[in-house]
Amino acid sequence: MALARDTDEAKVEAGRLQRWLQAARAMPGAAARHMVGLVYPPTCAACSAATGEPHGLCATCWGSLSFISRPYCERLGTPFALDLGGALISPAAMADPPVFERARAVAGYDDTARTLVHKLKYGDRMELAVTMGGMMLLAGRELLAEADLIVPVPLHRFRLWRRRFNQAAALAQVIGGRAGITVDCDALRRVKRTRPQVGLSRNERAENLQGALRVADGARPRLEGKRVLLIDDVLTTGSTANASARALLRGGAKAVDLLVFTRVIPGA
Ligand SMILES: [Zn+2]
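Residues numbered from 1 in each chain as written. Predicted model: local features only at pLDDT ≥ 70, side-chain atom pairs only at ≥ 80, totals over all residues.

S.K.: Lay out the overall build of the protein chain with the relevant residues and their values.
M.R.: When you go through the protein chain residue by residue, the secondary structure sums to twelve helices and six strands. Among the 268 residues that make up the protein chain, the fraction classed as buried is 38%. (Helix = DSSP H or I, 4+ residues; strand = E, 2+ residues; numbered from the N terminus. Buried ≥ 20, exposed ≤ 12 C-beta atoms within 10 Å, placed from the backbone.)

S.K.: Report on the nonpolar core, specifying residues and quantitative values.
M.R.: The biggest cluster of nonpolar side chains holds 62 residues, and the ones touching the most others in it are M132, M136, L171, L229, L230, I231 and L248. The element that contributes the greatest number of residues to this core is helix α9 (residues 167-179), accounting for eight residues. Those residues in contact with L229 that lie beyond four places of it in its chain are L143, L144, A147, I150, D257 and L259. (Core = buried A, V, L, I, M, F, W, Y, C linked by C-beta atoms within 7 Å. Contact = placed C-beta atoms within 7 Å.)

S.K.: Quick rundown of the environment of E74? Include the residues and the values.
M.R.: Following the sequence through the fold, E74 ends up in the loop between α3 (59-64) and α4 (91-95). When the C-alpha atoms of E74 and R102 are compared, they prove to be 6.5 Å apart, with 28 residues separating the residues in sequence. Look past the residues within four positions of E74 in its chain and what remains in contact with it is L88, I89 and R102.

S.K.: Lay out the confidence of the model for the protein chain in plain terms, naming residues and giving numbers.
M.R.: Where the model shows low pLDDT, its predicted coordinates should not be examined in detail. For the protein chain, the average pLDDT comes to 82, and 76% of its residues sit at 70 or higher. Helix α2 (residues 29-39) is the least confidently modelled element of the protein chain, averaging 52 in pLDDT, while strand β6 (residues 255-263) averages 98, the highest of any element. Low confidence marks residues 1-6, where pLDDT is under 50. Its contacts with residues over four positions away, or in another chain, come to one contact. (pLDDT = per-residue confidence, 0-100.)

S.K.: Tell me about the packing of helix α10 (residues 202-209) against helix α12 (residues 239-250), and please be specific about residues and values.
M.R.: Interhelical geometry of α10 versus α12 gives an angle of 35 degrees and a closest axis separation of 9 Å. Viewed along their axes, α10 and α12 form a crossing whose handedness is right-handed. Mapping the contact onto sequence places R202, R205, A206 and L209 in α10 and S239, T240 and A243 in α12. Among the residues making up the contact of α10 with α12, the classes are represented as three nonpolar, two polar and two charged. (Axes fitted to C-alpha atoms, helices over the stretch in contact; angles between N-to-C directions. Left-handed = near helix turned anticlockwise from the far one by under 90°. Nonpolar A, V, L, I, M, F, W, Y, C, P; charged D, E, K, R; others polar.)

S.K.: Mind laying out the pairing of β6, listing which residues take part and the relevant values?
M.R.: Summarising burial for β6: eight of the nine residues are buried, a large majority. Pairing between strand β5 (residues 227-235) and β6: eight bridges, direction parallel. Its bridge partner being in β6, L235 is matched across the sheet by R263. Between β5 and its parallel partner β6, the chain crosses via α12, and the hand of that crossover is right-handed. (Pairing = 2+ DSSP bridges. Right-handed = clockwise from strand over helix to strand, strands pointing away.)

S.K.: Just give me the short version of α9, but keep the residues and values in it.
M.R.: With 13 residues, α9 ought to run about 18 Å at 1.5 Å a step, and its terminal C-alpha atoms sit 18 Å apart, in line with that. Burial analysis of α9 places 13 of its 13 residues in the buried class, which makes it a mostly covered element. Looking at the residues trailing α9, positive phi occurs at G180, about 70 degrees. (Expected span 1.5 Å × (residues − 1).)

S.K.: Any details on the sheet that holds β5? Residues and values, ideally.
M.R.: Taken together, four strands build an open sheet; the order of strands is β1-β6-β5-β2 and the sheet is parallel. If you trace the sheet from one side to the other, it starts and ends with β1 (103-108) and β2 (149-152), each paired once. Averaged over neighbouring strand pairs, the angle between their axes works out to 20 degrees when direction is ignored. Its contacts with the sheet put α9 on β2, β5 and β6, and the angle it makes with β5 is roughly 130 degrees.

S.K.: Which residues make up helix α6 (residues 128-139), and what values go with them?
M.R.: Count 3.6 residues to each turn of an α-helix, and residues three or four apart come out pointing the same way. With twelve residues, α6 ought to run about 16 Å at 1.5 Å a step, and its terminal C-alpha atoms sit 17 Å apart, in line with that. Burial analysis of α6 places nine of its twelve residues in the buried class, which makes it a mostly covered element. Those residues of α6 that sit buried are L128, A129, V130, T131, M132, G133, M135, M136 and A139.

Dropping the structure here:
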């Protein structure tokens, strides 16, 4: 019964992560860094070079991240390539408005951001969620100030079982814990197993996700009238975020904002 055994292992792993995150989020930043420093040697989270401070990035990797700051489109959070003379909304957002209200990201999807996301997703360095979540806390401070509830983008159970770790939920737990906002990991469900989105066109992605995300039975009272902050690690075309936002709005949410660690910047 390989399946049963793996499922049990996944449960143990999930329990361990949960306990670790609960400990980490209950602590102020410095204490959490100290705790992590006891477990891991102080190396850069991205390139593994030695660093003075545990669980941060080395100066080179920090400097190589394309941090996103204003001026950017107030809807999509994409930096303006040209000075549009005080414009607040990008032409892209006007032409094709997203279902979510506002999106914010720490950095553009460059090599360092990609490495961090990959390590969080497939690696076993769970303290990365604290590093990346801390950065998201800053990038999303305006959204967090208004958020009633935090909801991570869910993985399908099958993929959760295979990968054993929902990186969006880990980030959400860190952010919610530090911001003092309730995190609801059960509100949104993937009800259909979707093909991986990689390599699909924009239309194919939307089709792939049709009906795949739904608010869980019984979650409506928790969402009713709430401003929800949706959390994910990466924003690419926005198909998953829009499908999630649509499901949350149908499920009673008043508005949905989106906070990710990194996003693909069209044309960059
Ligand atoms: Zn580094």
